[in-house]
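One letter stands for each residue in the lines below.
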Amino acid sequence: MLKNKILLLIAVIIFPLFLCSQSKKITLKEAIEIAQKKSPDYKINLNQNQRNYWRFRNYKASFLPELRLNATLPEYRNQVLRLTNDAGQDIFVNQNQLLIEGGLSVSQSIPYTGGTLSINTNLERVELFGLDDNVGYSVIPFTINYFQNSLLFNPFKWDKKIEPLAYEEAQKEFVENMERISVSASRRYFELLKAQKQLEIAETNLSNQDTLYKIGKGRFKVGKIAENDLLQIELTLLNSQNSVTSNRIELKRTSQNLARYLELDTENIELTIPDELPLFDVEIDKALEEAQQNRKAVIEFRRRRLEAEREVAFQKGNNRLNISVSANFGISNNGNDFNNLFTDFNRQQNVRVRLGIPIFDWGVSKSRVKIAQADLDLANNNINQDRQEFEQEIYLHVLNWSNQREFLVTAEKAKEVAQKRYDISKKRYILGKITITDLNIALQEKDRAIFQYLNSLQNFWQDYYILRQLTLYDFINDKKIEVEDVLYD
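A quick note: this is a predicted structure, and the numbers were derived from the prediction, not measured.

To continue, consider the side chain of Lys446. Topologically, Lys446 is positioned in helix α9 (residues 436-471). Given the relative accessible area of 4%, Lys446 is considered buried.

This is the structure:
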């Protein structure tokens, strides 16, 4: 029994440690796929897209009829009111009543005119306390109302131009942000990959320096090298130990960054160097064409210009001449007998046109129009400049991408040459044909070539995903980049 308990205790202690020590293997493609489903950037992107979706739904619903119930259930008043009678005298009346009312209304926006049409019905019951005939009724079977705030500016017309553009812009922004997540995930992936490789190099260098230090001590004892050379070997060994320590810290930091970004359950991540991309050429004209068709920036330029033009139209339509229209037509009745309410209706109708003309306002109206026009000119200039920067960014990145594969090939060849030179220098040092200084130079050049290769590898892949982000086009498969539709409850 004691033996079984001991084995169980050992299993309880060792098994969690075994699970924690298990590494998770992830490729670059898998890291990006996880990031596009779990990363904080994806959740933010999804929330923004949801907001834009419901904003567009709200805009479309604003042109549909709205049925509304309005009710007062109930309203009780017991107060003294001051009233003015027909003789112009103020009298005080005690009001003690209970009011209950309810009604339905249907309203509809009229896009062609910019006004609102509504049909209303209402029933009211008033009970007066302290009187013989203490109940009264009022009914409005129907009343038709039309209201338009301005005859010279139609906000619905501008909304029909701008809101669909804003929604299309938001959809393309969602796709762009998904590609931006790819760039961010690849950056974190290669930061960890470089940290792993640098730690591996540092540990190899430490092992080599330890061997060289032991050889050096033996040579120093027999007088084959000077004490200065031995101290230089020892210093290199100490620097290698420090390099291992700092690279372990960097590995911890980068592994945490990637694990948190991908919401992994472990920081012990095993990465592999991605396979090389298939050869493909990117023509500048093709990249610009796809970017202009796919990127949100092009739609954003149109939206910004329309918003500036809308402001000019608003100022012109409301500052110099202000005209509003309201009209009402319906029937009503009131009395103490509910059964007689729906006979002999009274007609009610009115039309009102309000006109406002500034006669002398010290140039306020004129200045508002001029400000809006100046803002429109500024918006056009900014849009033209942004368009040029948009095209220049794509142009320069395509040129840069065209050279990245050559940079990577050169860096890989330099790494192989530097490694071979270091191996030869190490053998020659052991044979006593070169000094420790020559060996250290070969070591530094080897490490520098490896770091340059890793940086070139990162730039190669990140520039590839940036190219996708800038054009929203998959040049390998020759198709536009699309994201599956997101459904909202």
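Attention now moves to the side chain of Glu169. Locating Glu169 in the fold gives a position in helix α4 (residues 155-221). Excluding residues within four positions of it along the chain, Glu169 makes contact with Lys296, Ile299, Glu300 and Arg303.

On to the pairing of strand β4 (residues 115-128), then. As judged from the 14 bridges shared by strand β3 (residues 90-110) and β4, these two strands associate in the antiparallel manner. Note that in β4 the partner of Val106 across the bridge is Ile119. Remark: four residues form the turn of the hairpin made by β3 and β4, two consecutive strands paired antiparallel; Gly114 in that turn has positive phi of roughly 90 degrees. Inspection of the sheet shows β4 paired to strand β5 (residues 135-148) by 11 bridges, in the antiparallel sense.

This next bit is on a negative patch on the surface. A cluster of acidic side chains, namely Asp281, Glu283, Asp285 and Glu289, defines a negative patch on the protein surface. Locating Asp285 in the fold gives a position in helix α6 (residues 284-294). Assessed through its relative accessible area of 61%, Asp285 is described here as exposed.

Turning to the packing of helix α3 (residues 40-61) against α4, a few remarks are in order. The packing of two helices is summarised by the inter-axis angle and the distance between the axes. The contact between α3 and α4 brings their axes to 10 Å, and the two run at 170 degrees. Between α3 and α4, the angle falls in the class roughly antiparallel. Grouping the constituent residues of the contact of α3 with α4 by class yields 12 nonpolar, six polar and six charged.

Let's shift gears to the packing of aromatic side chains. Centre distance and the angle of the planes are the two values used to describe a pair of aromatic rings. Following the criterion strictly, the structure yields 15 aromatic pairs and no others. Pairing Phe460 with Trp461 gives two aromatic rings, centres 5.8 Å apart and planes at 90 degrees, and the pair type is edge-to-face. Neither Phe460 nor Trp461 differs from the other in exposure class; each is buried. A network of ring pairs unites the aromatic residues Phe56, Tyr59, Phe63, Phe156 and Tyr167 as a single cluster. Lying over the aromatic face of Tyr422, Lys446 brings its terminal NZ or CZ to 5.0 Å of the ring centre.

Parameters at a glance
- Residues numbered from 1 in each chain as written.
- Predicted model: local features only at pLDDT ≥ 70, side-chain atom pairs only at ≥ 80, totals over all residues.
- Heavy atoms only, no water.
- Helix = DSSP H or I, 4+ residues; strand = E, 2+ residues; numbered from the N terminus.
- Buried < 20%, exposed > 50% of the residue type's maximum accessible area, 1.4 Å probe, protein only.
- Contact = heavy atoms within 4.5 Å.
- Pairing = 2+ DSSP bridges.
- Patch = residues over 30% accessible without salt bridge, like charges linked within 9 Å, V, L, I, M, F, W, Y side chains within 5 Å.
- Areas by Shrake-Rupley, 256 points an atom, 1.4 Å probe, with all protein chains shown as cover.
- Salt bridge = Lys/Arg side-chain N within 4 Å of Asp/Glu carboxyl O.
- Lys, Arg positive; Asp, Glu negative; His and termini not counted.
- Charge placed at Lys NZ, Arg CZ, Asp CG, Glu CD.
- Axes fitted to C-alpha atoms, helices over the stretch in contact; angles between N-to-C directions.
- Parallel < 35°, antiparallel > 145°, perpendicular 65-115°, else oblique.
- Nonpolar A, V, L, I, M, F, W, Y, C, P; charged D, E, K, R; others polar.
- Phe/Tyr/Trp six-rings, centres within 6.5 Å; stacked < 30°, edge-to-face > 60°.
- Lys NZ or Arg CZ within 6 Å of the ring centre and 35° of its normal.

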